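Secondary and tertiary structure notes
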Amino acid sequence: MTAPGGRRWDVIVVGAGFAGSLVAKVLGDRGWRVLVLEAGAGATDAGPDRALEAYRTALVKSPNSPYPTSPSAPSPDVPDLTGRPDGGYRAHGYLVQRGPLPYASGYLRANGGTGLAWTGLAPRMHPEDFRAGDFGHGRNWPIGYQDLEPYYRAAEHELGVAADADEQREAVGLPFPDGYRFPMRAIPRSHLDHVMAEALDGRSVRDREARVRLRVTTTPHARNGVPDPGHDGGAGYRPDGGRCVGHASCVPICPSGAKYTPLRTQARWAPSVALVTDAVVTRVRIAANGRAGGVDYLAHDGRTHTVEAELVVLAAHAIENAKLLLLSDAANRSDQVGRNLMDHPVLLTWGLMKHQIGPYRGPGSTSGLEGFRFGPARARRAPFRVEIGNWGWTWALGPPDLRVAELLRTGGPDGRGLFGAELRRTLGDRVGREFAFQFEMEQDADPANRVTLDPRHRDRLGLPRPVVHYDLSDWVKRGIAAAKGVSDQLMGLLGAEDRTRFEPGPAWPGYFEHEGRPYAYRAAGHGAGTHIMGDSPATSVVDQWQRCWDHSNLYAVGCGSMPTVATSNPSLTMAALALRSADRMHQDLLARHRPIRLKRAFEGADLP
Amino acid sequence: MTITWERGMTTVAEFLALSSALTGFSPAELRGTGMVGAYQALVVQQAGAEPLDRLTATVARGGIGPSAFGDGPERELAQAIAQLWYLGTWPGLGGSTAPERDPAFVVSARAYAEGLVWRTFGGHAPSTAAPGHGSWSHPPADPA
C-alpha cells in the first residue's frame, strides 16, 4: 500500500500536540505508518535551556513566551488583547475578533502544541457533565462517562497522573473501578490550601436558596510526584522526567520536566511514526467519492507538497481544525463547522490573607472547591470549578513587578513613591499575603460563537486568518455573578482583605457589566466545540469516534469535538477521547488493510 | 561594555551605598547578588554618568524620599535603579532623553533570578529555584 519513495502513508496526523501525539503513538504501536505534520517549529530544536532563557528574559511572561514561534504559523497569545478605557477591547494579534466580547485564550503552534505551556491539571469530567443538555443549556454527549472511563484510565497512565482516587470518589463523585490507583500519589497541598481547609472545611456558603458545603479537595495533576506501587494492579509506575520540585513556573515551562508534555509521548513513538515540523497544512484533499485522499502542506522550503494516506486525522487545536475544514470545504453538511466555540471564561478574585502564606511556590493550583460543578443549580446558571491560586495575584493583576512599580511611583505617605527599608518591608508584607480564587466557568455551546474565514485577512503564507465571533450568554454571566457571590462569602470566612476590583481599561479586555455590576473575565486557554460531536449528521460535525460524518476516513480530534466543555480542565478528557478514537481508527484501517509491519507478538493480541 | 572612568564619577562603593539606600537591602546583600557591576554599567549606559553622579550626591546628603529628589528625572532615575534591583528589569526613562531609545527590558536571566522582590517574603523568582518536592506545603520561610 506504500508507494515507492514513501509518499503514501497509512495515516496522516495534522498537529503534534496533545491529541495528535497520542493518536500517532497508538497507531504506530500497532504497526501503522504514520506521518505527523506540525505547522510550528520544533520546540525541542532549540532545547529546553533556550526556552528557559527566553522565559526568564521575557518582559511579559505570557504562556507562549518561552517557545520559538514560526512566522509561517503565527499563534495567538494573551497579550494580543487590550481593553479600551471605556470598556470594549482591541485585538491586535493573529485572531481577527468581531464579537461583543473577546475570545481571550491563546494557543501555541509548535511541536508539542499548547501542551508545552499547559498548567498540568488533569481532572476528569463528572458523569453529569455528559448530560448537560438535560439541564437546558448546552448539549448532551453521544457517549457517557462509562464509555470513556477505561480511556480515562489509559490517559492517566500515559500522562502520569498524580491523584487520590478515594478523595476524587468522595469529594467529586467520580466513579472508579474497585481498587483503582492513579500512577502517582496526590501532589501535596500548598500551605495556602491547608490554611483554606482549616477555615472552610465543613462550612457552607449560600448560592441563592441552596447551601453548598465546602471541602478543599486536592486536584489531579499530570505532574510527577511519588509513584504509587499499587498502580496497575501492583505493577506500579515509573515516571519519565524529574519529580516536581517547586519551580512555580508550570505555565509556561517546567524546568524539571515533571509536567507531562506531548514531547514525552513522542519519545515513546514507534519507528513507524515520522514527524515533519514547519509543515503548514493548507487543505485536506477530498476525493469525488467523499473520502479524504491526503493533504497539501507548505514546507519550510516554501514549496507545496502533497501527501496521501488511507486515513487523515486533524489534531491541530479547535480553532485550527475548524480553519482547515473550512479551507477544505469539508465536513460541513450540518453547517456546524467553526460554530459552538467554547472556552473556560475565568472569574478571578484576589485578596490578602491575614498572615504570610508563602505564595509563588509549587504548582499554580494544588486544590480546589468542587461543590459548584454539579446539581440542579446548573439549570439556572453556569456551573464552575473553584481553583485556589498559589501564585498570588499573577493571573489577576500580573506578577509582583506591578506592585513594585506602583509602590515606587505612588506609594508612601505623600503618594509620591516609597524607597528603602519601608519599601522592602511593605512589599514583603503585602506580596507575601497575596492569594487568588480562579472560578472556571462552563460555557454553553452557542452556534453564534464561531470561527469563520475572511479572505481579506491573510497570514504571511497567504492563508486566511481565523475570524472569531465570541460572547458570553446570560447563563454564563449569571454563573459569573454567582461565583462572585461565593467569593464574597469565602473572603468573609477567611477573614481576608478582598482586593477584587473590576474596571474597564487596558488590563481588562474581558470587562462587562451584568445587572448593573462590573465584572471581568480572563480565559483558561481551553478552546473547544468547533467540530462538535453528536449523534446526528444534521446537527454535529463528528460522530462519537470523532470521525467526520461526511468523510468516513477523516477524523477531527481534540477539544473541538467536545459537546460541552464542562468545568474541568479539558486536556485529560481530550487525551481519553484521542485514545478511544485511535482504537476506532485502527479498526477502520484493519477493515481495509493489514498493517505492513505486523509484529509476530501482535497477531495473537487481544484486539478491542 | 567598556566604561571609561572619569574623575568625579560615582564609585562602586558609592553606587552600592546609593542602591542600598534606595532598596533597603544592605550593601553586603546587594553584593551577594553578583549584579553590582552589571547594574552600575547599565545605569551609566542608559541614564548617563552625570545624572547618576547627581543622584548619588543627593542620596549621600541623606535624601532617599521623593521630596528629597530634585526635578522629575532625578526621581525617575531613583525609581528606575530601585526597580532594577527589585525585578532585574530596566523600566526605561521617559523624561528628557529620547524615549524611543529606552524601552523596558529584562537585563538578563540572572538579573531576573536575583530580583529582590522575591526575597522580601522569602520566595524565589518562578523557574529559578528548586526547593524540593512538597516544599510548598510548609509555612513560608522568614524573609531574607
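Being a predicted model, the structure only gives us computed values, none of them experimental.

What counts, and where the lines are drawn
- Counting restarts for each chain: residues are numbered from 1 in the order of the written sequence.
- Chain labels run from A onward and ligand labels from 1 onward, assigned in the order the entries are written.
- With pLDDT at 70 or above as the cut-off, local features in this predicted model cover only qualifying residues; side-chain atom pairs require 80 or more to be listed or tallied, and sums for whole chains, interfaces and linings still use all residues.
- As a rule here, side-chain values cover all heavy atoms of the structure and leave hydrogens and water aside.
- Each helix is a run of DSSP H or I of at least 4 residues and each strand a run of E of at least 2, with the numbering of both proceeding from the N terminus.
- Relative accessibility decides the category of a residue: with a 1.4 Å probe and only protein chains considered, values under 20% of the type maximum give buried, values over 50% give exposed, and everything between is partly exposed.
- The contact criterion used is simple: two residues touch if any of their non-hydrogen atoms lie within 4.5 Å.
- In this tally, Lys and Arg are treated as positive and Asp and Glu as negative; His is ignored, and so are the chain termini.
- All charge positions are set by atom: Lys at NZ, Arg at CZ, Asp at CG, Glu at CD.
- Two strands make a pair as long as DSSP finds a minimum of two bridges between them.
- Using a 1.4 Å probe, buried area is obtained as the accessible area two parts lose upon being combined, added over both of them.
- For this document, the term salt bridge refers to a Lys or Arg side-chain nitrogen within 4 Å of an Asp or Glu carboxyl oxygen.
- For our purposes a nonpolar core is just a set of buried Ala, Val, Leu, Ile, Met, Phe, Trp, Tyr and Cys residues, chained together by side-chain atoms within 4.5 Å.
- On a scale of 0 to 100, pLDDT captures the predictor's confidence in every residue.
- To obtain each axis, a line is fitted to C-alpha atoms, and for helices this fit is confined to the stretch in contact; angles are then taken between N-to-C directions over 0 to 180 degrees.
- Roughly parallel means an angle under 35 degrees; roughly antiparallel, over 145; roughly perpendicular, 65 to 115; everything else is oblique.
- Note on residue categories: nonpolar means Ala, Val, Leu, Ile, Met, Phe, Trp, Tyr, Cys or Pro, charged means Asp, Glu, Lys or Arg, and polar means any other residue, Gly included.
- Two aromatic rings, drawn from Phe, Tyr or Trp (for Trp, its six-membered ring), form a pair once their centres lie within 6.5 Å of each other, and the interplanar angle then sorts them: stacked below 30 degrees, edge-to-face above 60, tilted otherwise.
- Only when the NZ atom of a Lys or the CZ atom of an Arg is both within 6 Å of the ring centre and within 35 degrees of the ring normal do we say a charge sits over the ring.

A few words now on the overall build of chain A. A tally of regular secondary structure across chain A gives 14 helices and 23 strands. Along the longest, intermediate and shortest principal axes, the C-alpha atoms of chain A span 80 × 55 × 50 Å. The 608 residues of chain A split such that 63% are buried. Intrachain contacts of chain A at a sequence separation of at least 6 include 73% that bridge at least 24 residues. Each charge class in chain A was averaged separately, 73 positive and 67 negative side chains, and the resulting centres sit 2 Å apart.

All names here are of chain A. If you walk across this open sheet you meet the three strands as E5-E18-E17, and the pairing is mixed. Of all the strands in the sheet, the pair left with one neighbour each is strand E5 (96–97) and strand E17 (450–458). In this sheet, strand E18 (residues 464–469) lies alongside E5 in parallel orientation, the contact comprising two bridges. Bridge pairing in E18 links Val96 to Val467.

Turning to the interface of chain B and chain A, a few remarks are in order. Contact residues are listed per partner, giving 46 residues for chain B and 51 residues for chain A. Summed over both sides, the interface of chain B with chain A buries roughly 3800 Å², with 64% coming from carbon and sulfur. Of all residues in chain B, Ser127, His133 and Trp136 of chain B give up the largest surface area on contact with chain A, accounting jointly for 21% of the area buried on that side. Linking chain B with chain A are one salt bridge, by the criterion used here.

What follows covers the nonpolar core. All names here are of chain A. Judged by nonpolar contacts, the single largest core of 89 residues is most densely connected at Val34, Leu37, Leu159, Val295 and Leu554. Sort the elements by how many residues they give to this core and helix H13 (residues 571–592) lands first, with 11 residues. The next biggest cluster of nonpolar side chains, apart from the first, holds 62 residues, and it includes Ala104, Ala396, Met441 and Tyr470.

With that out of the way, let us pick up the confidence of the model for chain B. Averaged over every residue, the pLDDT of chain B is 90; residues scoring 70 or more account for 88%. Note on the complex model: pTM 0.95, ipTM 0.93.

To continue, consider unusual backbone geometry. When glycine is set aside, most residues are seen to have a negative phi, and most peptide bonds are trans. Residue and element names in this part refer to chain A. That bond from Val251 to Pro252 is cis: its omega, 10°, falls within 30 degrees of zero. Structurally, Pro252 is set in the loop between helix H6 (231–234) and helix H7 (262–266). You will see that Asp329, though not glycine, has its phi angle at about 50°, which is positive. Mapped onto the elements, Asp329 comes out in the loop between helix H8 (318–327) and strand E13 (345–352). Its relative accessible area of 70% is what places Asp329 among the exposed residues. For Ala566, which is not glycine, the phi torsion reads 55° and is therefore positive. Tracing the sequence through the fold places Ala566 in the loop between strand E23 (554–556) and H13.

So, about the packing of helix H11 (residues 420–431) of chain A against helix H1 (residues 12–23) of chain B. When two helices pack together, their arrangement is given by the angle between the helix axes and by the axis-to-axis distance. Where H11 of chain A contacts H1 of chain B, the two axes come as close as 4 Å, and the packing angle between them is 50°. Relative to H1 of chain B, H11 of chain A is oriented oblique. In contact with Gly420, Leu423 and Arg424 of chain A of H11 of chain A, H1 of chain B contributes Ala21, Leu22 and Thr23 of chain B. Here the residues of the contact of H11 of chain A with H1 of chain B sort into three nonpolar, two polar and one charged.

This part is about helix H10 (residues 401–410) of chain A. Turning to H10 of chain A, its buried residues are Arg403, Val404, Ala405, Leu407 and Leu408 of chain A. Residues of H10 of chain A that are buried make contact with helix H9 (394–397), H11 and strand E16 (434–441) of chain A together with helix H5 (72–87) and helix H7 (116–119) of chain B. Of the residues trailing H10 of chain A, Gly412 of chain A is marked for its positive phi of about 85°.

Residue and element names in this part refer to chain A. Tallied over the entire structure, the rule returns 42 salt bridges over all chains. Note that Asp454 is salt-bridged to Arg456, the shortest N-O span being 2.8 Å. A network of salt bridges, in which partner residues are shared, links Arg8, Glu308, Glu310 and Arg592.

Moving on to the packing of aromatic side chains. In total, this model carries 25 aromatic pairs over all chains according to the counting rule given. With a centroid separation of 4.9 Å and 65° between ring planes, the pair formed by Phe130 of chain A and Trp141 of chain A is classed as edge-to-face. Linking Phe130 of chain A in the loop between E5 and helix H3 (145–159) with Trp141 of chain A in the loop between E5 and H3, this pair joins segments that are 11 residues apart in sequence. Trp141 of chain A matches Phe130 of chain A in its accessibility class, with the two residues each being buried. The interplanar angle of 55° and the centroid separation of 5.9 Å between the aromatic rings of Tyr360 of chain A and Phe121 of chain B together place this pair among those described as tilted. Of this pair, Tyr360 of chain A sits in the loop between E13 and strand E14 (367–369) while Phe121 of chain B sits in the segment after H7, each in a different chain. Each member of the pair Tyr360 of chain A and Phe121 of chain B is classed as buried. Taken together, the ring pairs in this structure connect Phe372, Phe384, Phe435, Phe437 and Phe439 of chain A into an aromatic cluster. The ring of Trp508 of chain A has Arg522 of chain A sitting right over it, with the charged end atom 3.7 Å from the ring centre. Just above the ring of Trp545 of chain A sits the side chain of Arg584 of chain A; from NZ or CZ to the centre is 5.4 Å.

With that settled, the discussion passes to the environment of Leu81 of chain A. All names here are of chain A. Along the polypeptide, Leu81 turns up in strand E3 (residues 81–83). By relative accessible area, Leu81 is classed as buried at 10%. When the C-alpha positions of Leu81 and Tyr103 are compared, they lie 9.2 Å apart, and in sequence the two are 22 residues distant. Setting aside residues up to four positions removed in sequence, Leu81 forms contacts with Tyr89, Arg90, Ala91, His92, Gln97, Pro102, Tyr103, Ala104 and Pro509.

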